[in-house]
Amino acid sequence: MGKFIQDFKEFALKGNVVDMAVGVIIGGAFGKIVSSLVNDIIMPVISIVTGGDGYKNLKYVITPAKEATADGVAAVEEVAINYGLFIQNVVDFFIIALSIFVALHVTMKFMRKEKAEEAAAPAPAPSAEETLLTEIRDILKKDSGK
């Protein structure tokens, strides 16, 4: 049991797991922001432009609702396909996907720039000690070859 706990601690404390947890938390908050943007700003504007009362209310009614009657017939809830909510969720998805794409694109651009700078940097010149030791090595090789 002790080995299991030790392995779990090593796994949980790795940088990747912590980074992933932070990403999930930020992603959840970002999802709420995007949902609010779509629900509270974009969809009302679209409903004004289209002249409707909003995409949330768009639906195809399969079975209309029936109220309970006095003679004991039970109430029946409406059965409908709410395609307006589906449209809203698709818009949410595309905004989140676009935001993630842009963030990753910018991040990858910076990473490529850093790698190019590292590759372009010349190797440092050897120190005076290294140069002296190289010369001594070469002299010793030359003398041992005689």
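All values derive from a computational prediction rather than experimental measurement.

> Help me understand the overall build of the protein chain in this model?
Across its full length, the protein chain holds four helices and two strands. Relative to a compact globule of 146 residues, whose C-alpha radius of gyration would be 15 Å, the protein chain shows 33 Å and is clearly more extended. Its C-alpha atoms give the protein chain principal-axis dimensions of roughly 120 × 55 × 25 Å. Counting over 146 residues, the protein chain shows a buried share of 7%. Pairs at least 24 residues apart make up 43% of the contacts formed inside the protein chain by residues separated by at least 6 positions. By element, 68% of the accessible surface of the protein chain is carried by carbon and sulfur atoms, the whole surface being about 12400 Å².

> Would you mind going over the environment of Leu98 with me for this structure?
Its location among the elements puts Leu98 in helix 3 (residues 83–120). Exposure remark for Leu98: the relative accessible area of 53% places this residue in the exposed category. Residues Leu98 and Lys141 lie 43 residues apart in sequence; the distance between their C-alpha atoms is 63 Å.

> Teacher, can you tell me more about the pattern of salt bridges here?
Any two side chains of opposite charge can pair, so long as their charged atoms come close to each other. For the structure on display, the rule yields three salt bridges. The shortest N-O distance in the salt bridge between Glu78 and Lys59 comes to 2.8 Å. Here Lys59 lies in the loop between helix 2 (15–50) and strand 1 (60–63) and Glu78 lies in the loop between strand 1 and strand 2 (79–81), a separation of 19 residues in the sequence. The class of Glu78 is partly exposed, set by a relative accessible area of 36%. Look at Lys59 and you get partly exposed, because its relative accessible area is 37%.

> Can you help me understand the packing of aromatic side chains in this one?
Geometry of an aromatic ring pair is reported as the spacing of the ring centres plus the angle between the planes. As enumerated under the stated definition, the model contains one aromatic pair in all. For the pair Phe93 and Phe94, a centre-to-centre distance of 5.5 Å together with 65 degrees between the ring planes defines the contact as edge-to-face. For Phe94, a relative accessible area of 54% corresponds to the exposed category.

> Honestly, a nonpolar patch on the surface in this entry has me stumped. Any pointers?
Nonpolar side chains collect at one region of the surface, where Tyr60, Ile62, Val79, Ile81, Tyr83 and Phe86 lie side by side and expose about 630 Å² of accessible area between them. Contributing elements (two or more residues each) for the nonpolar patch: strand 1, strand 2 and helix 3. Structurally, the position occupied by Ile62 is in strand 1.

> What should I look at first to understand the side chain of Asp92 in this one?
Tracing the backbone shows Asp92 in helix 3. Residues contacting Asp92, with those up to four places away along its chain left out, are Val34, Ser35 and Val38.

> How should I be thinking about helix 3 in this particular structure?
Residues three or four positions apart in an α-helix share a direction because the helix packs 3.6 residues into each turn. With 38 residues, helix 3 ought to run about 56 Å at 1.5 Å a step, and its terminal C-alpha atoms sit 55 Å apart, in line with that. Those residues of helix 3 lying buried are Gly84, Gln88, Asp92 and Ile95.

> Just to check I follow, could you spell out the side chain of Gln88 for this structure?
Position of Gln88 among the secondary structure elements: in helix 3. Here Asn39 takes part through its side chain, which lies 2.4 Å from a polar atom of the side chain of Gln88. Those residues within four positions of Gln88 in sequence are excluded, and the remaining contacts are Val38, Asn39, Met43 and Lys56.

Calculation notes
Residues numbered from 1 in each chain as written. Predicted model: local features only at pLDDT ≥ 70, side-chain atom pairs only at ≥ 80, totals over all residues. Heavy atoms only, no water. Helix = DSSP H or I, 4+ residues; strand = E, 2+ residues; numbered from the N terminus. Rg over C-alpha atoms; globule rule 2.2 N^0.38 Å. Buried < 20%, exposed > 50% of the residue type's maximum accessible area, 1.4 Å probe, protein only. Contact = heavy atoms within 4.5 Å. Areas by Shrake-Rupley, 256 points an atom, 1.4 Å probe, with all protein chains shown as cover. Salt bridge = Lys/Arg side-chain N within 4 Å of Asp/Glu carboxyl O. Phe/Tyr/Trp six-rings, centres within 6.5 Å; stacked < 30°, edge-to-face > 60°. Patch = residues over 30% accessible without salt bridge, like charges linked within 9 Å, V, L, I, M, F, W, Y side chains within 5 Å. Expected span 1.5 Å × (residues − 1). Polar contact = N/O pair within 3.5 Å; in protein donor to acceptor, adjacent residues only side chain to side chain.

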